[in-house]
Amino acid sequence: MAVIFTDLSVGQELASTTLRLNRADLVRYAGASGDLNPIHWNDRFATEVGLPGVIAHGMLTMGAAVQLVTEWIGDPTAILDYQTRFAAMVPVPDPAGSNPAGAEGAELTIVAAVGKLDAAASTARVDLTVTLGEEKVLTKAQALVRVAAA
Amino acid sequence: MSVNAALQGTSYPPAPAYAVGREKIREFALAVKATHPVHLDVEAARAAGHADLVAPPTFAVVIAQKAEAAYIQDPASGIDFSRVVHADERFTHYRPIVAGDEITATVTVDRARAAGTGGMVTTRTELVDAAGQPVTTVLSTLLVRGEE
């Protein structure tokens, strides 16, 4: 169903989803993005630099979270601007006895809501709330989206 | 070592043009769990009016981070990469990035602030196409943790 600007109101919740990231997801993102920082794939190194263990790339969380906006609007090129602050780490567990490629991993909750509307430009600012348990992982996660006027 | 504030305002010569490939777009889309057909299926991308596969909204980071390396790895920057924490990121798209694009990225140090043995830096990377037309602006802020 096509999204129409006049159907939107500030504060309206648009969509929500669950995102799971396991160690294999981190390795895949490291390779695809070229971000080979070992804090994202080597526990020993991560621990030695003071982290609780391997953590997800902030850019992986940012990149995967926006998929919810793409699904809602139905067109990734409608996303004109997308920004976030990285507020908290996402430690990715590696449970004993699990296959890292099949483990459930860290479970993030993502909610998209209308933050602001601009009728003249026919754009909506979609605010993403991304949480790990009770903790906000991303803050000021905002996608500016072009919406059909009618 | 601490962040060298004197580099604020500096632009680095652009890295060689980045050739955007179909398989790289598919690989990146898979990695960020982006499933829209315009990222994966050339016919679907063309049917939607694009010249070729369309990159996901954060793909520009691949090109920007290569370019940012000129600054981050510059010994004069004073940045200890092992102590870097990503603070924020922003993409402003003027048009979609599609397979076949040749993108040139120029990095400017918008802000460089020292704090103790670390500091905070914001880079602005301007991505332009082969015709010199703007494609995307990438803003990235890194926090460099000081030594305890």
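Glancing now at the interface of chain B and chain A. Taken together, the contact between chain B and chain A spans 30 residues of the former and 33 residues of the latter. In this assembly, chain B packs against chain A so that about 2,500 Å² is buried in total across both faces, 58% of it on carbon and sulfur atoms. Applying the counting criterion to the chain B and chain A interface returns two salt bridges. With a closest N to O distance of 3.1 Å, Asp25(A) and Lys33(B) form a salt bridge. For the pair chain B and chain A, the interface holds 11 residue pairs in polar contact (both at pLDDT 80 or more). If you list the elements that add at least two residues to the side of chain B that touches chain A, you get α1 (22-31), α2 (37-40), α4 (60-72) and β2 (84-93) of chain B. Along the lines of polarity and charge, the residues of the side of chain B that touches chain A split into 14 nonpolar, nine polar and seven charged. In terms of strand pairing, strand β2 (residues 79-86) of chain A meets β2(B) through five bridges, oriented antiparallel. For Arg85(A), the partnering residue across the bridge sits in β2(B) and is Asp88(B).

Here we come to a nonpolar patch on the surface. All names here are of chain A. Residues Val 27, Leu 36 and Trp 41 make up a contiguous nonpolar surface patch of roughly 330 Å² in combined accessible area. Relative to the helices and strands, Val 27 resides in helix α1 (residues 23-33). A residue is classified by how much of its surface remains accessible, and Val 27, at 51% relative accessible area, is exposed.

Moving on: the packing of aromatic side chains. Summed over all chains, the structure comprises four aromatic pairs over all chains. With centroids separated by 5.3 Å and ring planes inclined at 90°, the aromatic side chains of Phe28(B) and Phe59(B) adopt a geometry described as edge-to-face. Taken together, the positions of Phe28(B) in helix α1 and Phe59(B) in the loop between α3 (42-47) and α4 put the pair 31 residues apart, joining distant regions of the chain. The exposure class assigned to Phe28(B) is buried, which follows from its relative accessible area of 0%. Since its relative accessible area comes to 0%, Phe59(B) is described here as buried. The rings of Tyr29(A), Tyr18(B), Phe28(B) and Phe59(B) are connected pair by pair, giving a single aromatic cluster.

Model confidence for chain B is summarised by a mean pLDDT of 95, while 99% of its residues fall at 70 or above. For this predicted complex, the interface confidence comes out at an ipTM of 0.97, alongside a pTM of 0.97.

You can see Arg83(B) is positioned in the loop between α4 and β2. Of the polar contacts made by the side chain of Arg83(B), one reaches the backbone oxygen of Gly146(B); its length is 2.9 Å.

Reading across from one edge, β1(A)-β3(A)-β4(A)-β5(A)-β2(A)-β2(B)-β5(B)-β4(B)-β3(B)-β1(B) is the order of the 10 strands in this open sheet, with antiparallel pairing throughout. The sheet is open, and its two edges are formed by β1 (13-21) of chain A together with β1 (18-19) of chain B, each paired on a single side.

Thresholds, definitions, all that
- Residues numbered from 1 in each chain as written.
- Chains lettered and ligands numbered in written order.
- Predicted model: local features only at pLDDT ≥ 70, side-chain atom pairs only at ≥ 80, totals over all residues.
- Heavy atoms only, no water.
- Contact = heavy atoms within 4.5 Å.
- Buried area = accessible area lost by both parts, 1.4 Å probe.
- Salt bridge = Lys/Arg side-chain N within 4 Å of Asp/Glu carboxyl O.
- Polar contact = N/O pair within 3.5 Å; in protein donor to acceptor, adjacent residues only side chain to side chain.
- Helix = DSSP H or I, 4+ residues; strand = E, 2+ residues; numbered from the N terminus.
- Nonpolar A, V, L, I, M, F, W, Y, C, P; charged D, E, K, R; others polar.
- Pairing = 2+ DSSP bridges.
- Patch = residues over 30% accessible without salt bridge, like charges linked within 9 Å, V, L, I, M, F, W, Y side chains within 5 Å.
- Areas by Shrake-Rupley, 256 points an atom, 1.4 Å probe, with all protein chains shown as cover.
- Buried < 20%, exposed > 50% of the residue type's maximum accessible area, 1.4 Å probe, protein only.
- Phe/Tyr/Trp six-rings, centres within 6.5 Å; stacked < 30°, edge-to-face > 60°.
- pLDDT = per-residue confidence, 0-100.

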